[in-house]
Amino acid sequence: MSTKLFYSFLKWVAIGPLLRAVFRPSYEGTENIPRKGPAIMASNHLSYADWLFMPLGMKRMVRFVAKAEYFTGTGPKGFLQRVFFSGTGNVPIDRGGATAAEGALIAAKRVLAEGELFGIYPEGTRSHDGKLYRGRTGIARLALDTGAPVIPVAVIGTDVIAPPGKKFGKLVHPRVIYGKPLDFSRYEGMTNDRYILRAITDEIVYEILKLSGQEYVDMYATEAKKLADGKKPAKKSSGSAKSGPTKTGPSKDVA
């Protein structure tokens, strides 16, 4: 209860009104957000400011996972980090998982089991150039394991407000568009089928693409960043620009 109260205070009193007054964000499709029950908010990721603007257009709390270190720090700085990250709805990655990705899924399942909204970025990291990249299949596993609907979300303009590598860019009016819920119950019991996981992930990214209007690149964002930095990417990444991810079937890379 204290977390929700603090979250509400920040959203409706301390930070939210300031963001609305300064940036005047616009929101579309808010009627697509369920009034109650679990749902996965799947958004593109252009800037560190996304997690501020994406939840601002809805009444419900959206929870994200964050590094466990933010919840275990000591001293004045550690205390402030714990208060802020806990109070803004973040949950620590469960270190009981074999990997950080598995730990994030465990934490996400707990949030959805409590009937709350969980925010996730299918690309896995921020886009360094404003393009939309191939999604990681963890979101498909989460959707199948929990049965929660997926709400595609497009955040537009935050990369101008806070460009990669900078704390602040230009003052613009960001847009957030919430798409219609996606139901994947037809794939129930197929969590171990990697082709199904890829097809679901591609469908989610395709819906985000339609909302955002971004250019799509059939490569993981981390690999694209390596190319941009002059590093050698993994062999399996094609790097080809496409109009959008395959909606009717999986791409060649089913990882």
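Bear in mind that the values here come from a model prediction, so they are computed numbers and not experimental data.

Enquirer: Explanation requested: the overall build of the protein chain in the structure shown.
Expert: A tally of helices and strands in the protein chain yields nine helices and 11 strands. Looking at the protein chain as a whole, 48% of its 255 residues qualify as buried. Partitioning the intrachain contacts of the protein chain with sequence separation of at least 6 by distance along the chain shows that 76% fall at a separation of at least 24. Of the roughly 12,900 Å² of accessible surface on the protein chain, a fraction of 57% belongs to carbon and sulfur atoms.

Enquirer: Please clarify how a nonpolar patch on the surface should be interpreted in this entry.
Expert: On the surface, a cluster of nonpolar side chains totalling about 390 Å² of accessible area is made up of L18, V22, F168 and L171. Checked against the element boundaries, V22 lands in helix α2 (residues 16–23). On the basis of relative accessibility, which here comes to 37%, the residue V22 falls in the partly exposed class.

Enquirer: What is the right way to read the confidence of the model for the protein chain from this model?
Expert: Detailed reading of the predicted coordinates is not advisable wherever pLDDT is low. Residues with a pLDDT of 70 or more make up 89% of the protein chain, whose mean pLDDT is 88. Segment residues 248–255 is flagged for pLDDT under 50; beyond a separation of four residues in sequence, or across chains, it makes 20 contacts in the model.

Enquirer: Whenever I open this one, the packing of aromatic side chains confuses me. Can you help?
Expert: Two measures describe an aromatic ring pair: the distance that separates the ring centres and the angle between the ring planes. The full count for this structure, using the stated rule, is three aromatic pairs. Judged by centre distance (5.4 Å) and plane angle (90°), the ring pair of F23 and F53 falls under edge-to-face. In this pair, F23 is assigned in helix α2 and F53 in helix α3 (residues 50–53), connecting sequence segments 30 residues apart. Just as F23 is buried, F53 falls in that class too. Ring plane angle 10° and centroid distance 6.3 Å describe the contact between Y27 and Y178, whose orientation is recorded as stacked.

Enquirer: Quick question: what am I supposed to make of the pattern of salt bridges here?
Expert: A side chain with one charge may pair with a side chain of the opposite charge, provided their charged atoms come close. Applying the stated criterion across every chain, the model contains nine salt bridges. R175 is the partner of E28 in a salt bridge, and the nearest nitrogen-oxygen pair spans 2.8 Å. Pair noted here: E28 is in strand β1 (residues 26–28) and R175 is in strand β9 (residues 175–178), with a separation of 147 residues, a long-range link. Owing to a relative accessible area of 33%, R175 belongs among the partly exposed residues under this scheme. As a salt-bridge pair, K109 and D145 come within 2.9 Å of each other at their nearest N and O atoms.

Enquirer: I keep staring at the pairing of strand β6 (residues 117–120) and nothing clicks. Help me out?
Expert: A two-sided burial pattern is seen for β6, the buried positions comprising L117 and G119 on one face and F118 and I120 on the other. Across four bridges, the pairing between strand β2 (residues 39–43) and β6 is parallel. Looking across to β6, one finds that A42 is bridged to I120. Strand direction decides the pairing type here: strand β3 (residues 62–63) and β6, joined by two bridges, are parallel. The partner of V62 across the bridge, within β6, is L117.

Enquirer: Sorry if this is basic, but what is going on with the nonpolar core here?
Expert: Across soluble globular proteins, you tend to see nonpolar side chains buried next to one another. By size, the foremost hydrophobic cluster in this structure holds 29 residues, and its most contacted members are I40, V150, F184, I200 and I204. Of all elements in the fold, only β2, α5 (100–113), β6, α6 (138–146) and α8 (194–212) reach the threshold of two or more residues within this core. The next biggest cluster of nonpolar side chains, apart from the first, holds 22 residues, and it includes Y27, L117, I151 and I161.

Enquirer: Help me understand α8, please; the structure alone is not making it clear to me.
Expert: An α-helical turn contains 3.6 residues, so any two residues separated by three or four positions project in the same direction. Under the 1.5 Å per step criterion, the end-to-end length of α8 is 27 Å for 19 residues, consistent within 8% with the ideal 27 Å. Counting buried positions along α8 gives 14 out of 19 residues, so the element sits mostly inside the fold. The backbone nitrogen of Y195 lies 3.0 Å from a side-chain oxygen of the residue at the head of α8, namely D193. G213 sits one or two positions beyond α8 and adopts a positive phi of about 75°.

The rules we used
- Residues numbered from 1 in each chain as written.
- Predicted model: local features only at pLDDT ≥ 70, side-chain atom pairs only at ≥ 80, totals over all residues.
- Heavy atoms only, no water.
- Helix = DSSP H or I, 4+ residues; strand = E, 2+ residues; numbered from the N terminus.
- Buried < 20%, exposed > 50% of the residue type's maximum accessible area, 1.4 Å probe, protein only.
- Contact = heavy atoms within 4.5 Å.
- Areas by Shrake-Rupley, 256 points an atom, 1.4 Å probe, with all protein chains shown as cover.
- Patch = residues over 30% accessible without salt bridge, like charges linked within 9 Å, V, L, I, M, F, W, Y side chains within 5 Å.
- Salt bridge = Lys/Arg side-chain N within 4 Å of Asp/Glu carboxyl O.
- pLDDT = per-residue confidence, 0-100.
- Phe/Tyr/Trp six-rings, centres within 6.5 Å; stacked < 30°, edge-to-face > 60°.
- Pairing = 2+ DSSP bridges.
- Core = buried A, V, L, I, M, F, W, Y, C linked by side-chain atoms within 4.5 Å.
- Expected span 1.5 Å × (residues − 1).
- Polar contact = N/O pair within 3.5 Å; in protein donor to acceptor, adjacent residues only side chain to side chain.

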